[in-house]
Amino acid sequence: MQVNINKSWKDQLTAEFDKAYFNDLVTFVKQEYSQGEVFPPGQFIFKAFDSCPFEAVKVVILGQDPYHGVGQAHGLSFSVQEGIPFPPSLQNIFKELAADMGTPTPQSGDLTRWSEQGVLLLNATLTVRAHQAGSHQKKGWELFTDAVIHRLAEQQEGIVFILWGSYAQKKGAFIDRNKHCVIQSPHPSPLSSYRGFFGSKPFSQTNAYLVNNGKEPINW
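Quantities reported herein were computed from a predicted structural model and do not represent experimental measurements.

Thoughts on the nonpolar core
So, point 1. Counting 63 residues, the largest nonpolar core has Trp114 and Phe144 as its most contacted members.
So, point 2. A total of 6 residues in this core trace back to one element, the largest contributor, which is helix H2 (residues 20-35).
So, point 3. In contact with tryptophan 114, other than residues within four places in its own chain, are Ile61, Ile93, Phe94, Leu97, Val119, Leu121, Phe203, Asn219 and Trp220.

Brief notes about the packing of helix H1 (residues 7-17) against helix H6 (residues 141-155)
So, point 1. Running from amino to carboxyl end, H1 crosses H6 at an angle of 135°, the nearest separation of the two axes being 10 Å. The pairing of H1 with H6 is recorded here as oblique in orientation. Helix-helix and strand crossings are classified by hand; for H1 and H6 the assignment is right-handed. Along its contact with H1, which presents Trp9, Gln12, Leu13, Glu16 and Phe17, the element H6 presents Leu143, Phe144, Ala147, Val148, Arg151, Leu152 and Gln155.
So, point 2. Of the residues that constitute the contact of H1 with H6, the class distribution is 8 nonpolar, 2 polar and 2 charged.

Cut-offs and rules
Residues numbered from 1 in each chain as written. Predicted model: local features only at pLDDT ≥ 70, side-chain atom pairs only at ≥ 80, totals over all residues. Heavy atoms only, no water. Core = buried A, V, L, I, M, F, W, Y, C linked by side-chain atoms within 4.5 Å. Buried < 20%, exposed > 50% of the residue type's maximum accessible area, 1.4 Å probe, protein only. Helix = DSSP H or I, 4+ residues; strand = E, 2+ residues; numbered from the N terminus. Contact = heavy atoms within 4.5 Å. Axes fitted to C-alpha atoms, helices over the stretch in contact; angles between N-to-C directions. Parallel < 35°, antiparallel > 145°, perpendicular 65-115°, else oblique. Left-handed = near helix turned anticlockwise from the far one by under 90°. Nonpolar A, V, L, I, M, F, W, Y, C, P; charged D, E, K, R; others polar.

Okay, structure coming up:
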């Protein structure tokens, strides 16, 4: 199946695009977009890949679902489009960033600036029905994003995987800790942020590892 995605990723994932589950997933997603409001806008479904080529990935931040509110989701985990108020999880991410790195709170919640530096902002599920969290789970996206993580973990070395919350930690449980850096903490959502997300220093830990492995740190 022809999929409009960055060529470096297409080269890595061609086998996935030809599998039966992916064809079923495409049929489902097309039907959903034709029948109602679905996020992100269609042109942003693969934005995480288009703004961060396979060979450029230095960091992976794994989310679960796209935001399901109007105007929020644009294909990058935890990111919102320019001018959109920060959702609670993103507010907490920025609070921890300020405490960790001593930087002011960003003015924009659009994290494209991170992805263009090699941070793959990957949701486990890449689409969602408006105002219905989890509505596109268990339709095939999780198999696809599992394949993405496996390819990165197997083909590359020295990637930082940031796994916030139990869902992300289960999805990344197979990653070889001797080959990559895995940073885990509770999720930045209001329900769990005070149970260990605040004070976990993921941003400085990431940059220290990158520098120690001869890579440019991320300008968070």
